[in-house]
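# Reading the structure
Residue-level listing of the chains:
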Amino acid sequence: MEVYQAIMDLVGYALDTGLIDKEDRVWAVNRLLDALHLSDWEEPAAAQERPLDEILKDILDWAVTQGLVADDTTSRDLFDTELMGRLTPRPSQVRRTFSEKYALSPEAATDWYYQFSQNTDYIRRYRIERDKKWVTDTPYGQLDITINLSKPEKDPRAIAAAKSAPQSGYPKCQLCAENEGYAGRLNHPARQNHRVIPVTIDGQDWFFQYSPYVYYKEHCIVFNGQHVPMKIDRSTFRKQLDFIQQFPHYFVGSNADLPIVGGSILSHDHFQGGRYTFAMERAPIEREVTIPGFDDVEAGIVKWPMSVIRLRCGDDNRLIDCADKILTAWRSYTDEAACIYAYTDGEPHNTITPIARMREGQFELDLVLRNNLTSKEYPLGIYHPHQELHHIKKENIGLIEVMGLAVLPARLKTELSDLAEAILAGRDLRSDEVLSKHTDWAEELMRRHTFTHENVMTILQDEVGKVFATVLEHAGVYKCTEEGRTAFLRFIASLA
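Report follows, based on the coordinates. Values in this document were obtained by computation on a predicted structure and should not be read as measured data.

## Focus: the overall build of the chain
- Tallying secondary structure elements over the chain gives 16 helices and 15 strands in all.
- Based on the C-alpha atoms only, the size of the chain along its principal axes is roughly 75 × 60 × 40 Å.
- Within the chain, the proportion of its 496 residues that are buried is 55%.
- Long-range pairs, those at least 24 residues apart, make up 64% of the contacts in the chain with a sequence separation of at least 6.
- Total accessible area computed for the chain in this model is approximately 22,000 Å², and 48% of it derives from carbon and sulfur atoms.
- Mean positive and mean negative side-chain charge positions of the chain (56 and 75 charges, respectively) differ by 2 Å.

## Focus on the packing of helix H13 (residues 411-425) against helix H14 (residues 439-448)
- Two elements in contact, H13 and H14, have axes whose closest approach is 12 Å; the angle formed by their N-to-C orientations is 50 degrees. In terms of orientation, H13 lies oblique with respect to H14. Note that H13 runs across H14; the crossing there is right-handed. Of H14, the residues touching H13 (which contributes Leu416, Leu419 and Ile423) are Trp441, Ala442 and Met446.

## A few points about the sheet that holds strand S2 (residues 141-147)
- With mixed pairing, the three strands of this open sheet are ordered in space as S1-S2-S15. The outermost strands of the open sheet, each flanked by one partner alone, are strand S1 (132-138) and strand S15 (405-408). For this sheet, the mean angle separating the axes of adjacent strands, direction not counted, is 25 degrees.
- In this fold H13 packs onto S1, S2 and S15, with an angle of close to 100 degrees to the strand it touches most, S2.
- Set on the sheet, helix H15 (residues 456-475) makes contact with S1, S2 and S15; between it and S1 the angle comes to about 65 degrees.

## A few points about the packing of helix H5 (residues 91-104) against helix H6 (residues 106-119)
- Closest axis-to-axis distance for the H5/H6 pair is 5 Å, and the angle between their directions is 145 degrees. Taken together, the residues of H6 that come into contact with H5 (itself represented by Val94, Thr97, Phe98, Lys101, Tyr102 and Leu104) are Pro106, Ala108, Ala109, Thr110, Trp112, Tyr113 and Phe116.
- Tallied by class, the residues present in the contact of H5 with H6 amount to 10 nonpolar, two polar and one charged.

Rules of the game
- Residues numbered from 1 in each chain as written.
- Predicted model: local features only at pLDDT ≥ 70, side-chain atom pairs only at ≥ 80, totals over all residues.
- Heavy atoms only, no water.
- Helix = DSSP H or I, 4+ residues; strand = E, 2+ residues; numbered from the N terminus.
- Buried < 20%, exposed > 50% of the residue type's maximum accessible area, 1.4 Å probe, protein only.
- Contact = heavy atoms within 4.5 Å.
- Areas by Shrake-Rupley, 256 points an atom, 1.4 Å probe, with all protein chains shown as cover.
- Lys, Arg positive; Asp, Glu negative; His and termini not counted.
- Charge placed at Lys NZ, Arg CZ, Asp CG, Glu CD.
- Axes fitted to C-alpha atoms, helices over the stretch in contact; angles between N-to-C directions.
- Parallel < 35°, antiparallel > 145°, perpendicular 65-115°, else oblique.
- Left-handed = near helix turned anticlockwise from the far one by under 90°.
- Pairing = 2+ DSSP bridges.
- Nonpolar A, V, L, I, M, F, W, Y, C, P; charged D, E, K, R; others polar.

Next comes the structure, spelled out in structure tokens:
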């Protein structure tokens, strides 16, 4: 049968990538036969070296014809993850190898673990490659723009099936350590091929893994071993600096801990990090400041559309003391003239998005001031993308975007392509049910540009990047104006 060749090829892939040793080959074949409900085996002449996604597709297509799996993306993902899980080493083996590599260097450990996480298909490289990426020049430097196509959209059939499936509270969320090896279900991804690495930060048991969607190089997640909510406090800074001491080639940051200005998961305390230099890190200090009582800590306001205080010091404890002083002050800070209210009706609004890194042998913290106040004019948030930008970006501005990387919805791939055709054809955009939301923007672009078949997509992509720069300006508590910077300095002065 053709499926035998695909099984042989998958085992060959596992051997080539080091997931199994040659002594494991017969065992691996039998593990896959069991998953496919096969009790017989006819060995092909040889394994064929070919892309993993092609091998898995052949096996999945056969499994669909045998009634072993439904033919929708969610069900196929659950099944091929089970197959890969049968070839993935046990957690104890993975952690032992990581420790051995770490003894050589932190870089050696993460290099190996990142490659391993791709080889197991936990990170689906062939899907990541679908993402659309480009760079746009702005007054704040080069911003990274991505249209996320790697995260699979739910199939309507899977959604319908999930509604009638038994509900489960295990694992409590997709970040819990209990996901390691979990078989998944229609409303929760399979993780049999997932392995996590334990780390100790601020004396607590946390774990380290990579994001399966890899928005940037070595995009990792560092998460609490306990399912506890996000909370930004002094301990946050201690944990972040502990992490970068162990992995000095990585940055680590945290989403804010309030709705609107926080990330998509507030229920489980976690950070995100990786080996990537964002535009915000490259942004210079536009004005040096002194934090009262901390003359030994370098401080300044960053030239960035959001409101960032950068701190640098060789003494991690002094840096934490300084950051905690700023956080504590900001939590209770109100400036009515600048439309900043710490509380309304007892509800807190001020928080911080903190990012830590090592730079030139010193500890560095970027503290991004956030506020989630809403109003009748801006019901989704005053410091959130305003309505006129929602045709491009409506979602929360979390850590990754704060640093200068736009994660835009998949719908834009098709919409920008269709918009390009409509502009060139001179069609009425307002009568188009899907494209009508882009009309005001497109009409303004047509007044500034002469579109041709050769330049239309380049212009649209560049203009999307400029919209993202405006998104960040909207999310900034203090605007990049004389009035805004004066208000920013009032807060700095209040720290005395």
